[in-house]
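Spelled out from the first residue to the last, the chains are:
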Amino acid sequence: MARLTRALSLAAVAALALTACSSTASDGAATGEGGVELLTPGTLTVCTNPPYEPFEYEENGAIVGLDIAIVQEVADDLGVELKTIVTPFEGIQSGADLDAGNCDLVASGITITDVREEKMDFSDPYFDADQGLLVPAGSGLNSVESLDGKTVGVQAATTGEEWATEQGLKTVQFEDLGLQVEALRGGTVDAIINDIAVLGPFVDDSLEVGATFPTGEQYGFGVKTGNTALLDAVNATLERIKSDGTYDDIYTTYIGTAPSN
Ligand code: ARG
């Protein structure tokens, strides 16, 4: 017990020392709570690529969704404001936005992959994902085989695009999910592939989910390689919201059911 108390007070002193010196950092970077350096003082700047309901989408002029609700918790824990920047997924997933200093964090339903791990550092996983197929209702398109000779719309630089290409499907690239769905409705493509969880909102009389392709993906939030302070803060928030029920509330709000694990 005595040892624990001593360790804690040492940690407190260390934390104070860290705050004290990093707040006088000479490189112009701003320092938030707990020694986390942010691009803009007092603001956690996050890059995201809507429309991607229920993870990031516009509602009454604001970007909301499961990803945004979680990064809002991170900002709250840091005691700073949240600012979202809407930008193409390509630069988000390649690490370019982080490297260019466009944002502190990328939150965009990003699947953690080995290739991306080399371009940025990922938080602990926070959501499980698979790929899905959105097709015209009654089209009978419900498998990889049924897509033989068909044209499939994919979102550029996503794992869905990679998966479709690996299956040998004939693909056409779109910049975002909104444009993919527009092409499907307009008949430019026969089907579209993207993460299964984002297809549900488009199901109506004319469109249906034809198939789910299990890929076992997991989403993570990304920080610039080596930004351990922010990564630790994100993971600490993820741990907190998982243990205090906030994550379950957010999940239920945006996914519609309670998480299964
Ligand atoms: N999970 C997929 C990937 O990482 C697609 C993510 C697309 N996200 C978005 N907000 N548009 O490649």
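All of these numbers come straight from a predicted model, not from anything done at the bench.

Of all residues adjacent to the ligand, which total 14 residues, the nearest are Ser108, Gly109, Arg116, Thr159 and Asp195. Gly109 places a polar main-chain atom, nitrogen or oxygen, 2.8 Å from a nitrogen atom of the ligand. Relative to its unbound accessible area of 350 Å², the ligand is 100% covered by the protein chains. More than half of the atoms belonging to the ligand lie within 2 Å of the grid points that define the largest cavity. Of the residues in the shell around the ligand, the class split is 4 nonpolar, 7 polar and 3 charged.

Attention shifts here to the pattern of salt bridges. One pass over the structure, following the stated rule, counts 4 salt bridges. Notably, a salt bridge pairs Asp204 with Arg185, separated by 3.2 Å at the nearest N-O pair. On the criterion of sequence distance, the pair formed by Asp204 in the loop between strand S12 (191-195) and strand S13 (207-219) and Arg185 in helix H7 (residues 177-186) is long-range, its members being 19 residues apart. Here Asp204 falls in the partly exposed class, since its relative accessible area comes to 35%. Because the salt bridges share partners, they merge into one network encompassing Glu73, Asp77, Arg240 and Asp244.

With that settled, the discussion passes to the environment of Thr188. Along the chain, the position of Thr188 falls in the loop between H7 and S12. The class of Thr188 is exposed, set by a relative accessible area of 59%. Considered as a pair, Thr188 and Gly153 are 35 residues apart in the sequence and their alpha carbons are 8.7 Å apart.

Ordered by their spatial adjacency, 5 strands build an open sheet running S11-S10-S12-S9-S13, and the pairing between neighbours is mixed. Two strands lie at the open edges of the sheet, namely strand S11 (170-174) and S13, each paired on one side alone. This sheet shows a mean twist of 25° between the axes of neighbouring strands, independent of strand direction. For strand S9 (residues 127-136) and S13, the ladder comprises 9 bridges, and the chain directions are antiparallel.

Below, the discussion takes up the nonpolar core. Counting 42 residues, the largest nonpolar core has Leu44, Ile70, Leu78, Leu105, Tyr126, Phe221 and Leu230 as its most contacted members. Counting residues per element, this core draws most heavily on helix H2 (residues 66-78), at 7 residues. Each residue touching Leu105, except ones within four places of it in the same chain, is listed here: Leu44, Thr45, Val46, Cys47, Val71, Leu98, Phe221, Gly222, Val223, Leu230 and Val234. Ranked by size, the runner-up nonpolar core spans 13 residues in total, among them Val135, Leu141, Ala164 and Ala191.

Before going further, it helps to examine empty space enclosed by the protein. Taken as a whole and assessed by the stated rule, the structure comprises 1 cavity of 30 Å³ or more. Reported here for the largest cavity is a volume of approximately 70 Å³. Surrounding the largest cavity, Asn49, Tyr52, Phe89, Ser108, Gly109, Thr111, Arg116, Gln155, Thr158, Thr159 and Asp195 form its lining.

Criteria and thresholds
Residues numbered from 1 in each chain as written. Predicted model: local features only at pLDDT ≥ 70, side-chain atom pairs only at ≥ 80, totals over all residues. Heavy atoms only, no water. Near = heavy atom within 4 Å. Polar contact = N/O pair within 3.5 Å; in protein donor to acceptor, adjacent residues only side chain to side chain. Areas by Shrake-Rupley, 256 points an atom, 1.4 Å probe, with all protein chains shown as cover. 1 Å grid on protein atoms, 1.4 Å probe; cavity = no way out; pocket = protein on both sides within 12 Å on 5 of 7 lines; lining within 4 Å. Sits in = over half its atoms within 2 Å of the grid points. Nonpolar A, V, L, I, M, F, W, Y, C, P; charged D, E, K, R; others polar. Salt bridge = Lys/Arg side-chain N within 4 Å of Asp/Glu carboxyl O. Helix = DSSP H or I, 4+ residues; strand = E, 2+ residues; numbered from the N terminus. Buried < 20%, exposed > 50% of the residue type's maximum accessible area, 1.4 Å probe, protein only. Pairing = 2+ DSSP bridges. Axes fitted to C-alpha atoms, helices over the stretch in contact; angles between N-to-C directions. Core = buried A, V, L, I, M, F, W, Y, C linked by side-chain atoms within 4.5 Å. Contact = heavy atoms within 4.5 Å. Points joined across faces, edges and corners; volume = space filled by probe spheres on them.

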